[in-house]
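# Analysis of the macromolecular model
Okay, here's what each chain looks like letter by letter:
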Amino acid sequence: MRALTLAANGTLVRTERPDPQLTGPDDVRVRVVQTGICGTDRGVLTGKFPAETGVVMGHEAVGLVDQVGSASRLAPGDRVVINPTLYCSACPQCAAARFNHCVNKAGTEVGLDRDGSFADYIVLPERFVHRLPDGMTWDRAVVVEPLACVLNNLDAASIVPGERVTVLGAGPIGLVTAMAALHLGSGVVLVETDPFRRELATKILHDLPASTPLTVTDPDAAVSAPRARTVIDTVGSLLDTALRLVDTAGTVVIMGFDDRARVTVEPLDILRRGLRVVGAGDYNAPSFPRALALAKHLPLERIVTHRVPLDEHERALELIGVGGHGYRGAKVVIVSNDEQ
Ligand SMILES: [Zn+2]
Ligand SMILES: [Zn+2]
């Protein structure tokens, strides 16, 4: 099959791999339709996040079931989305239902240290493969996995309807966070330095059914606005900005992954103002079906701005600013097998 793998020099290269085979009775092989490029993928390709050389990258995948093991309840032809946050079910963390903190994650992180979905096929145990609701488009479904991440972080923030949420960063995760928070009844201030991304965000988030207000703004204007009850840093390096923007007794959620970020904070300020700083990390498995249900109500497909065939992956990377240029899209999707 065709695959995009991580080369030793940190670039993504087109390779040929043997078709993956079922190994257990509950394994499922999915013919990949398309996979979103994640901020984590961008992080790997810009040296901000570690991954295994030679791995097939990609984890935000949707596709059609192609083969099933003898114990599977899925059937060939089922339209599915993949939950790439694997867990073992056997360790103490899994036994306590904290699947996202499974101690046996090494070698199981899809697209990072286990082969992912920038390819024609992927094989996974059935419990990580979810059937799509009838009629859900591939472009909406491909944003379900980012929505699961967002939901996990909104849960961690304990947002209250009617209170204001400030979202730092208008990348795909920032856009999904804003969309979900508006749907859940929060007013949202979306803060972004890049004017292109601000304009795109305004276009994508316009006239949503939400009755709560949305403001898209730059960091300077955000500092002079009233402080928010909750600030979510989708960039991962803006903890100091987040602490400046959060109101007394408020919560800051660190959401973006940045292995290199270092920030100076004033512990006494956190103490005096009664702030909470939360890291929620990967979503727990039960969040995934909730995200799938919530996706029925959110026009997530608006976030997909580009669909690029797998063989033209270099163009896809240019669109997300890998290689020096700025961003030219929101969610860019690698199409393995076009089924639209
Ligand atoms: Zn992702
Ligand atoms: Zn485990």
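Here the structure is a predicted model, which means the values were calculated and not measured. Sequence order sets the numbering: in each chain, residues are counted from 1 along the sequence as written. Key to labels: chains lettered from A, ligands numbered from 1, both in the order written. Local features in this predicted model are restricted to residues of pLDDT 70 or higher, and side-chain atom pairs are both shown and tallied only at a pLDDT of 80 or more, whereas totals for entire chains, interfaces and linings draw on every residue. In computing side-chain values, all of the structure's heavy atoms are included and hydrogens and water are not.

### Comments concerning the sheet that holds strand E9 (residues 187-191)
Strands sit in the order E10-E9-E8-E11-E12-E13 across an open sheet of 6 strands; the sheet is parallel. The open sheet has two edge strands with one neighbour each: strand E10 (214-217) and strand E13 (276-279). Taking the axes of each pair of neighbouring strands and ignoring which way they run, one obtains an average angle of 15° across the sheet. Both strand E8 (residues 164-168) and E9 contribute to a ladder of 5 bridges, which runs parallel. From the neighbouring strand, Leu168 faces E9, where its bridge partner is Val191. The contact criterion used throughout is that any non-hydrogen atoms of two residues lie within 4.5 Å. A fitted line through C-alpha atoms represents every axis, and for helices the fit uses only the stretch in contact; the resulting angles, taken between N-to-C directions, go from 0 to 180 degrees. Secondary structure elements are defined from DSSP: runs of H or I of at least 4 residues count as helices, runs of E of at least 2 residues count as strands, and each element is numbered from the N terminus. The strands touched by helix H5 (residues 172-183) within the sheet are E8, E9, E10 and strand E11 (228-233), with E9 carrying the most contacts at an inclination of about 170°. Here, a strand pair is defined by DSSP locating no fewer than two bridges between the strands.

### Some points on the coordination of the zinc ion (ligand 1)
Excluding water, the donors of a metal are its N, O and S neighbours within 2.8 Å, or within 3.2 Å for Na, K and Ca, and that exclusion means sites may look incomplete. Within the protein, Cys38 (SG), His59 (NE2) and Glu60 (OE) serve as the donor atoms for the zinc ion (ligand 1), at 2.2 to 2.5 Å. Ordering the donors of the zinc ion (ligand 1) by residue number gives the pattern C-x20-H-E. Taken together, the residues span a long stretch of sequence, with Cys38 in the loop between strand E3 (27-36) and helix H1 (39-45) and His59 in the loop between H1 and strand E4 (60-68) at a distance of 21 residues.

### Observations regarding the domain arrangement of the protein chain
Where each domain starts and ends follows an automatic or database-derived domain assignment. Splitting the protein chain by domain gives domain 1 (2-145 + 283-335) and domain 2 (147-279). For domain 1 and domain 2, the distance between their C-alpha centroids amounts to 25 Å. Domain 1 puts 28 residues into the contact, and the matching count from domain 2 is 25 residues. When the two sides are added together, the surface that domain 1 and domain 2 hide from each other amounts to roughly 2,400 Å², 68% of it contributed by carbon and sulfur. Interface area lost by domain 1 to domain 2 is led by Lys48, Arg302 and Tyr327, which between them contribute 25%. Any carboxyl oxygen of Asp or Glu that lies within 4 Å of a side-chain nitrogen of Lys or Arg is treated as forming a salt bridge with it. Applying the counting rule to domain 1 against domain 2 returns 1 salt bridge. Put simply, Asp155 and Arg290 hold a salt bridge, and the shortest N to O gap is 2.9 Å. Two N or O atoms count as a polar contact when they lie within 3.5 Å, although within protein this holds only if one can serve as hydrogen donor and the other as acceptor, and sequence-adjacent residues are included solely when both atoms are side-chain atoms. Counting every contact that joins domain 1 to domain 2 gives 10 residue pairs in polar contact (both at pLDDT 80 or more). Contributing elements (two or more residues each) for the side of domain 1 that touches domain 2: helix H4 (144-157) and helix H10 (287-295). By residue class, the composition of the side of domain 1 that touches domain 2 is 15 nonpolar, 7 polar and 6 charged. Summed over both partners, the accessible area lost on bringing two parts together, with a 1.4 Å probe, is the buried area. When residues are grouped by polarity, Ala, Val, Leu, Ile, Met, Phe, Trp, Tyr, Cys and Pro land in nonpolar, Asp, Glu, Lys and Arg in charged, and all others, Gly among them, in polar.

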